[in-house]
Structure formats: structure tokens, C-alpha cells
Amino acid sequence: MNRHLRALLGVTAAAVIATTLAGPAHADTSRSGRPFLFTYTYAGHLKVAGGNFTVGGRVYVSVKFRNGVSAFGKWAVARTHPVTPGGAVYVDTPLASPCNGSGNGYAEAYDSVTRTWSARLPVTVCRRID
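Residues numbered from 1 in each chain as written. Predicted model: local features only at pLDDT ≥ 70, side-chain atom pairs only at ≥ 80, totals over all residues. Heavy atoms only, no water.

## Some details on the pairing of strand β1 (residues 36-42)
Keep this limit in mind: One requirement defines pairing of two strands: DSSP has to find at least two bridges between them. A run of H or I in DSSP becomes a helix once it reaches four residues, and a run of E becomes a strand once it reaches two; helices and strands are each numbered from the N terminus.
Pairing of β1 with strand β2 (residues 45-53) involves seven bridges; the strand directions are antiparallel. Bridge pairing links Tyr40 to Lys47 in β2. Here β1 hands over to β2 after two residues, with Ala43 in that stretch at a positive phi of 55°.

Encoded structure:
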């Protein structure tokens, strides 16, 4: 009986290890909640960042006008971060910030592993006229 139990546990452990190592990106079970975004300004540019994405997974970050026309989009890889929960992304955009006006657009991000969109975050989309 003990021999059968040890064999079963060995097969189960091997399956867990193989499943974990099967791909570069795996679901991060330590995270909780929907992916989220926040913005900040650095060096005159709008920065878009967020958390609760899949660690090691690809995340598409986009900034769009209210009518859905894209102002910026970029793929990034979610990494661990000491402050941001789950997989975090920090993306620099070429959009000017701060700028006058009201929220004429939004930022959102797509976690390609879980196929989950973040909530839309209202932003003001401005372009430089250098």
C-alpha cells in the first residue's frame, strides 16, 4: 500500500513540475483582483503603469481617444515589482504630460495569458508640437 501511495505522489509531483515548467509565462496564483492601471508624469511624458498581470506574460498597453482611435500602443512583459502587486508593467509613451484639457481618452491594458482587460482609466491625450 505504501509503495502505491509513494508512486502516486511521485507521479503527481512530476506532473506539477512539468506543468509549471511548460511555458515561460504561467498564471500567477498569488495575485488577486482584476488588472489595474495608473498614470504619472516623468520628463514631460505620460507614463502608464499597472499591476495584477501575469508575471512573465505579455501585456498590451494602449492609450486611445474616446472614439476608440489609438494614440499609442506597446507590448510589454509583466515583471515582479516590490510595490505593485502581481505582474507589473511600466510603459513610457511619447504623449505629452501634463497638459491642459479634460479626459478626452483612456488607457487600458490586455493580459495575453489570462485574456483579461484592465478597467479603462480616463486620461488626457495630448501630442507634442515641438
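## Remarks on the side chain of Glu108
As a reminder of what qualifies: Here a polar contact is recorded for every N or O atom pair within 3.5 Å, except that within protein the pair must consist of a potential hydrogen donor and a potential acceptor, and residues adjacent in sequence are included only if both atoms are side-chain atoms.
Mapped onto the fold, Glu108 is located in strand β6 (residues 105-111). Here Arg120 takes part through its side chain, which lies 3.5 Å from a polar atom of the side chain of Glu108.

## Thoughts on the nonpolar core
We count it as follows: Nonpolar cores are built from buried Ala, Val, Leu, Ile, Met, Phe, Trp, Tyr and Cys residues. Side-chain atoms within 4.5 Å join them into one set. Burial classification: accessible surface area is computed with a 1.4 Å probe over protein chains only, and a residue below 20% of its type maximum counts as buried, one above 50% as exposed, and the rest as partly exposed. It only takes one pair of heavy atoms within 4.5 Å for two residues to be counted as in contact.
The biggest cluster of nonpolar side chains holds 18 residues, and the ones touching the most others in it are Val48, Phe53, Val59, Val61, Val63, Val89 and Leu95. Of all elements in the fold, only β2, β3 (58-65), β4 (70-77), β5 (87-96) and β6 reach the threshold of two or more residues within this core. Apart from residues lying up to four places away in sequence, Leu95 is in contact with Gly44, His45, Leu46, Val63, Ala71, Phe72, Val125, Cys126 and Arg127.

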